[in-house]
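A structural walkthrough
Take a look at the letters that make up each chain.
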Amino acid sequence: MASKSNSKSIIDEDEEEEEFEHFDDFTLASSWERFISELEAVCRQWLANGPKNLLVKEAVQMDLFKDLYKVKSEFKYAMKSYCMEYYFETNNDGKVADWNQILHDLQLSFGVKDFLVIAPQSASGVVLDAPEASKLLSAVSIALTNCSCLWPAFVPVHDPSRKAYIGIQNMGTVFTKRFEGDRIGSQVPIKLMHLEGLYELFISKFAYTTVDLSMHQFKVQFKMKLTYRTPSYDDEDEVQEVDADITAPGENRESETRIKMQWDDDCPWSEWYSAEDPVKGFELLAIWSEVTVESSADMAEWENASPLEADKWFLYPILPKNLGISDGNTIGFASQLRLLIKALEMSLEAQFVEDFVSVEKSDSENLKSSAVIPPPTVLDRVLKDLFHEVTEVQLDFSLGEHKSSRAIKGAPLESLFAQFCLHALWFGNCNIRAIAVLWIEFVREVRWCWEESQPLPRVPSCGTIDLSTCLIYQKLHMLAICIDKKRQQNNGHDFDRNDDSATARVQEDLQIPNNSSAFRGVSIDDRKCSAGVAGSMMLLKSQRILYAPITQDPPPMTEDMHEERLQAAEALGDSFSFSAQLEKDILASDMSAFKAANPGAVFEDFIRWHSPKDWENDDSLDVEVSQGTEREGKVEWPPRGKLSERMSDNGNSWRKIWNEALPLPISEQKPLLDPNREGEKVLHYLETLRPRQLLEQMVCTAFRAAADTLNQTSFGDLKQMTTKIGQLYITMASMLKYLQSHKTTVDSDVIEDLKRLCVTFEHIEKLISLAASFHRKFLQSPHLAQSFFSDYYDYYLPKMGTGSTHGDTDTREFDKKQQIRSHEDWKVITSMFTQPTPNQSWRKVLSMGNFLNGHEPILREIIFSKRDRVSGSYYAASNTKLYRQEIETYRMYVCGTSNDLRVALAVASCD
Amino acid sequence: MEFSSGAPPEFDYLFKLLMIGDSGVGKSSLLLSFTSDTFEDLSPTIGVDFKVKHVTVGGKKLKLAIWDTAGQERFRTLTSSYYRGAQGIIMVYDVTRRETFTNLSDIWGKEIDLYSTNQDCIKMLVGNKVDKESERVVSKKEGVDFAREYGCLFIECSAKTRVNVEQCFEELVLKILETPSLIAEGTAGVKKNIFKQKPPESDASTSSCC
C-alpha cells in the first residue's frame, strides 16, 4: 500500500485519501476514525518519503543533536489541535547510538532510535488527562498498525517538569512494546538511592507477574554510567589545596590560606588584567558496559566499585557558552582596545592634546560626562611604574616578539612607549581625556629626563633607529641617544662643540705630521684616537703601521628626517647634483680621524683601508711580496699597486674631500650629531603632537604590544593556535597600515575595520586563554590538552567567521568528549579530583557510593535489561524456528541523584 | 616599456627600488645607464645616491625612486635604513669578480633579511659587466642557480653596452605590478578597504589555511 503512494506529492489530506487504492469505508466514520485516518495519511507520507527525501523537503535539524532531525504535522480533533513530530536519524545502521553520545531524552530513556511524539498544542505541551493520553496513544497506534509501521510513538503525560511519557511500539505481528517513564523531583525514597533498591524495582516489574519472587534469583544485565565533576577551580578552598600540594605535601597549609592564587598568575597578561578561567571544570564519565547480576546482594556490591575499575572513561571540559564572548562584558585587551578606538574617533575633535583636559574648552557633552579622569594617585603610580621602577630591562626587544611584529608600525614590547600604551588602556576607562592627561604627564616626565640628563628608561641609548617602529618610538630612541651623548660630554669626555677652540686645536694638531716626520712608534695620543692596528698594513709613504681610526657613528635619523632628505633629493630631481651632504660629512669625518691616527698617511692609504677594492695590487708583485715576507721583513717597499681607475679620476670627489680634511681625532671633530639641537627637536615634536597623530600611533602600538604579550603565553604545542596567532598579526598589519600615513585622514571605514579587528582579537585572546588553561591543567599529559583544544577549536572556528560578537545563529553547545585510553592519563585525571578536606566532606550527603578520591558521582545512570528467549509462548508451537531469538523483554533506564530520580521502563509482551 | 623623459606631474604608482652589492660592481653605472642612457666611469658613490625615473608600463604611469647605495662596509649601517619600504631590491655582482657574487649570499642576503620590512618585496639578481666576456669567472648557470635558491629574478647585463639594462628594470617593475600587496603600497594616497575587497566571511583572519 505504501509503495503505491510513494511518488505522489500530497497537497492536502483529502486528495490523499481519494488516491488510496485500498478500501476505506467512510460511511460510518466518526471524528475519532477520521482523526486516525489523518494520522495514518501523514505517517504513510513520511514513511514513503524516507529520511533522505524528508531531509530535502522539510526536516529541521535538532540543535543539540547533530544527527537527529524532525518533521512535524498538525491535526485537529475534538476542538483541540495536536502536533505530531517524527524524529529520525540519518545513519541507517539500525542501532541505537551508544550512550557516550548525546542522545535525545526519549532515545536514552527507552532505547529507541526513530520515534513519533504526539502532543497537544497547548502552552505546556503536555497531556494532563490520563484517559485523553491513552486515547491519543491508541489513535496513533492504530494508525501505525494500519500502515504496518514499526515506529514507537510517545505521548507526554502529567506535568512537563516530570518529563513523563507513555508510549507504544508495534514489533511486528507478535510483540508489542509498551513504554512508561516518570520522574521524582524530590524526596527520593532512600531505597531507590541505592543500587539494590533499584535492582529490586526492576525485578518487581516482571517477577510478580510470571514467577514467584521469593524463590528465585534473577539474572539481569545492567550498564552503568557515573558522572563525576572535578572540584571547582574557583572554589577558594580548593585553590589553596592545589597550592599546598604544589609547594609541599603538607603542613604549611594554614600559613597560606590567606593568599588566593589566580589560575593565570603566571600568564603574561596577568600583569594587566586577570582573566576568568575559561575551563570551569571537567566532567568525567565512567562507564561499565554489560555486567550481569543475580541478586540484590550482588547489586549492593557494585556500589563499592571504584570508577577506576570502569570499562571506559570519557572526559569533557565545562566551558562557558562561546567562551563568554557574547555577553559583552568580559575584560581583556580586546575590550580596552575597543575603547582606545573610540578615543581615536574622538581625537579629531581637538587640535591639541591639552584641549581634552580642560573641560571648559571642549564642547562635546558626552566628553564631559563619560570621560572620567582617574585620581592623581593612580596617575602617580603609572608614572612611577613607567619611569622609576624599572628593573634592568632587557633592551633587546626582539626576544619577546612574534616574527611578524615588526610589520606593525608600533613600539616594541617593554619599550617606554609600548608600556605607556598598555598603561593607557587601563588608565581610567581609556577615554580620550584620561589619555590626554597621561600623555601630558608622560611628556613632562620625558622633558625632565632631558633637562636633568637622566637616561631615559626602557629606551636603548645606542644603535640605529628602527624605522619599522612608530615615529614616537623613533623620536624617544633619538632622545635617548642625545641624552647619552650629553652625559658623555658632561662627564668630561671632551667632545668639543665649540668651534673656536676646535680650530685652535686643529692648528696644534696640524703641526704634528710636519714637525715629527721622524716620529717612530705610536704616541699615547695616537692610541687614543685609534681602534687598533688594521691587520698587517703599512703606510705607503712612511712605512709605519697603519692604524684604524676610531670613527664617529653615523648620526641616527628618524623617519621624518629620512623623508626630508628624500624630498630634498626629489626636489633636485634627476640632476646629478644630489648632494649627499650627510654622507660627505661622514666621509670627511672618517678621513680626519684617519689622518689623525696615521700621521703621514696619503690618500691611497685611506682607500686601502676604507675601500680595499679600489686599490689594485699588481698580481705578479703580489707573489713576490708574499715570498718576501718569509724573508723576515725584507719586504720590497712600497708595495706596487694603484688606485682603481674610478678612484684615480681627475676631480674624484673622494680625493677632494681628502684634501680638505684636517687631521682630527673624533674627540676634536664637530660631532655629526648635535645632541642639544636634536634633543630639543624631539621634545618639540612630543609637546606639539596632534591628538590624532598620537592616537594613531597608540592604536598601532597597543595592538602590537597586546598581541606580543599574549604571544608569550605558554600553551604547549598547539599548531592551530600558533597559526591563528600568525594570521592575527598579518590581519593587524594589513589593517593598521592605514593609520600613520599622513597622506590620508582616517575615515569611518577605517574605524569600522578597526572595530572588526577588535572582534577578531577578542576571539584569539579567548582562545589563547583557553589554550593556556588546558595546558596548565594537563601539564602531565600534553596530548590531552592538545586534543581538547583542537576539538574546541574545530567547534569554535565557524563561529569566528561571523565577525560580530552577537552572531549566535548557531546555538549548538560544545559537547565533544574525549575517551581516555591510556592508564597514565587515568592517573592524571584522578589527580584532578583532589581529596576533599574534612570541611568539604561533611557537606556531601548524597551517599550514593562509588567514590573517586572521596568524590561522589553527581549523576548516576543505569540501564537494566532482561533478555528472554522467545519460547514457551503460544506462538512457539507453530512457528518455533522463526521466533527462537533472544529479545530484550524488559528494559529500565534509571537516572538520578539523591533528590531527583527518573525511571523509564520498556516492556515487550506478546499480547 | 616607454620612457618619458620629461617629469610628468602625476603618476599612478610610486615604487621604491634599492640597489645593493659590493663596491665597484657597477651599481651607479647601471643606474646611470638606465636613467640617462649614458655610461661613464663614475666616482665611487659616497653613502647613497638617488635617482627618479618616470616610466610607463602597461598603461600605468610609474614613478621609480631608485636608491643606489655604496658598497663600502663603512657605509653599511647608514644604508640599512633604505631597505625599509622598498618594493624591489636589485642585487648586483660583477661577473668578472667571484667574491662579489659570493658576498651576495654571505653578506647582502643577510642584510635583506635583517632590514627589509616588506615580506613580499621582489628581489632581482643582476650580473653586470658581461661586456668583459673574456674575463668572466661567474657562469650564467651559477647565477640562475643562485636566483632559483633565493627565489628572485635573474638577468645578466652590461651597463657599458646597455645590453639588458632596460629589460632588467622592466622585469622588476612588471613583477611588482603583479603583486597586489606591493601595488597597494605604491598607490599614492588611495586607501583601500580590505574588508570590502572580499566577501565578509572570508576575511583574512578566518579564512586561511588551517
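What comes next is a walk through the structure. Because the structure is a prediction, the values reported are computed rather than measured.

When helices and strands are counted, chain A shows 32 helices and 18 strands. Partitioning the intrachain contacts of chain A with sequence separation of at least 6 by distance along the chain shows that 73% fall at a separation of at least 24. Looking at chain A as shown, the accessible area adds up to about 43800 Å², and 51% of this sits on carbon and sulfur atoms.

Residue and element names in this part refer to chain B. Packing of helix α1 (residues 27-36) against helix α5 (residues 165-177) leaves a shortest axis separation of 9 Å and a crossing angle of 90°. The orientation of α1 relative to α5 falls into the category roughly perpendicular. Contacts between α1 and α5 pair L30, S33 and F34 from the former with V165, E166 and F169 from the latter.

Right, let's talk about the pairing of strand β6 (residues 164-171) of chain A for a bit. Residue and element names in this part refer to chain A. Two elements, strand β5 (residues 153-157) and β6, share five bridges in a ladder whose sense is antiparallel. Across the sheet, A153 pairs through a bridge with I168, a residue of β6. In this structure, the hairpin formed by β5 and β6 is closed by a connection of six residues, where H158 is found at a positive phi of approximately 65°. Two elements, β6 and strand β7 (residues 175-184), share seven bridges in a ladder whose sense is antiparallel.

Right, let's talk about the pattern of salt bridges for a bit. Residues and elements named next belong to chain A. Under the counting rule described, the total for this entry stands at 36 salt bridges over all chains. Of the charged contacts, one joins K681 and E678 as a salt bridge, the two residues approaching to 3.4 Å between their closest N and O atoms. Of this pair, K681 and E678 both sit in helix α25 (residues 675-687), three residues apart, roughly one helical turn. With relative accessibility at 6%, the residue E678 sits in the buried group. K827 is paired through a salt bridge with E824; the nearest N and O atoms lie 3.6 Å apart. Here E824 and K827 lie together in helix α30 (residues 823-832), a separation of three residues that amounts to about one turn. Relative accessible area serves as the criterion here: at 56%, K827 is assigned to the exposed category. The class of E824 is exposed, set by a relative accessible area of 53%.

On to the nonpolar core. Residue and element names in this part refer to chain A. Formed by 167 residues in total, the largest nonpolar core has its most connected members in W439, F761 and F864. When neighbours within four sequence positions are excluded, W439 is seen to be in contact with V353, F417, F420, I472, L686, L689 and L694. Judged by nonpolar contacts, the second largest core, of 33 residues, contains C43, Y69, V140 and I168.

Conventions used here
Residues numbered from 1 in each chain as written. Chains lettered and ligands numbered in written order. Predicted model: local features only at pLDDT ≥ 70, side-chain atom pairs only at ≥ 80, totals over all residues. Heavy atoms only, no water. Helix = DSSP H or I, 4+ residues; strand = E, 2+ residues; numbered from the N terminus. Contact = heavy atoms within 4.5 Å. Areas by Shrake-Rupley, 256 points an atom, 1.4 Å probe, with all protein chains shown as cover. Axes fitted to C-alpha atoms, helices over the stretch in contact; angles between N-to-C directions. Parallel < 35°, antiparallel > 145°, perpendicular 65-115°, else oblique. Pairing = 2+ DSSP bridges. Salt bridge = Lys/Arg side-chain N within 4 Å of Asp/Glu carboxyl O. Buried < 20%, exposed > 50% of the residue type's maximum accessible area, 1.4 Å probe, protein only. Core = buried A, V, L, I, M, F, W, Y, C linked by side-chain atoms within 4.5 Å.

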